[in-house]
Amino acid sequence: MADFEAIYQVVALIPSGKVSTYGAIAGYLGSKGGARLVGWEMNASHGQATIPAHRVVNRNGVLTGKNFFGGNRMQELLEAEGLTIKDDQIQKFSTHFWDPSIELL
C-alpha cells in the first residue's frame, strides 16, 4: 500500500463538487484491498485544511466518516459544494463520483 502522503496527494486532487471512495483511491494507489487504510487515514487527517477528507465516502456514496467531523459538518461541506445528501447518502452519486484511475491518467 502507498504511504499516507500518496493518499493525501490523491485526495487533494478531488475537485469541489465531486467525491471519491476509499476503495477507488486504494485501487489507484495499487492496493485494491486497502480501502480501510484509506479510511483510517482520512479520519486522521481532519486537522489538515489542505486535505478535503469530506470528499471521500464509501462505495455506495454513504457518509461513513461523518462522525469524525462532528455533527453534520461533512454533510454541510458537501452540500456547500452542490451535492444533495439524504439519510447520510449522496443523491445521484454516480454523477458526482471522481475515479482517480480515470481522472489521473
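Note that the structure is predicted; figures quoted are calculated from it, not measured. (Residues numbered from 1 in each chain as written. Predicted model: local features only at pLDDT ≥ 70, side-chain atom pairs only at ≥ 80, totals over all residues. Heavy atoms only, no water.)

## Quick look at helix α1 (residues 4-12)
Those residues of α1 that sit buried are Ala6, Ile7, Tyr8, Val10 and Val11. Against the buried residues of α1 lie α2 (22-28), α3 (35-44), β2 (56-57) and α6 (100-103). Capping the start of α1 is the job of one residue whose side-chain oxygen sits 3.2 Å from the backbone nitrogen of glutamate 5: aspartate 3. (Buried < 20%, exposed > 50% of the residue type's maximum accessible area, 1.4 Å probe, protein only. Helix = DSSP H or I, 4+ residues; strand = E, 2+ residues; numbered from the N terminus. Contact = heavy atoms within 4.5 Å. Polar contact = N/O pair within 3.5 Å; in protein donor to acceptor, adjacent residues only side chain to side chain.)

## A closer look at the pattern of salt bridges
Tallied over the full model, the rule gives 3 salt bridges. Between glutamate 81 and arginine 55 there is a salt bridge; the shortest N-O distance is 2.8 Å. In this pair, glutamate 81 sits in the loop between α4 (73-80) and β3 (85-86) while arginine 55 sits in the loop between α3 and β2, placing the two residues 26 residues apart along the sequence. Note on accessibility: glutamate 81 and arginine 55 belong to one class, buried. Where arginine 73 meets glutamate 76, a salt bridge forms, and the shortest distance between an N and an O atom there is 3.7 Å. Separated by 3 residues within a single helix, arginine 73 and glutamate 76 lie in helix α4, roughly one turn from each other. Look at arginine 73 and you get partly exposed, because its relative accessible area is 41%. According to the relative accessible area criterion, glutamate 76 is partly exposed, its value standing at 41%. (Salt bridge = Lys/Arg side-chain N within 4 Å of Asp/Glu carboxyl O.)

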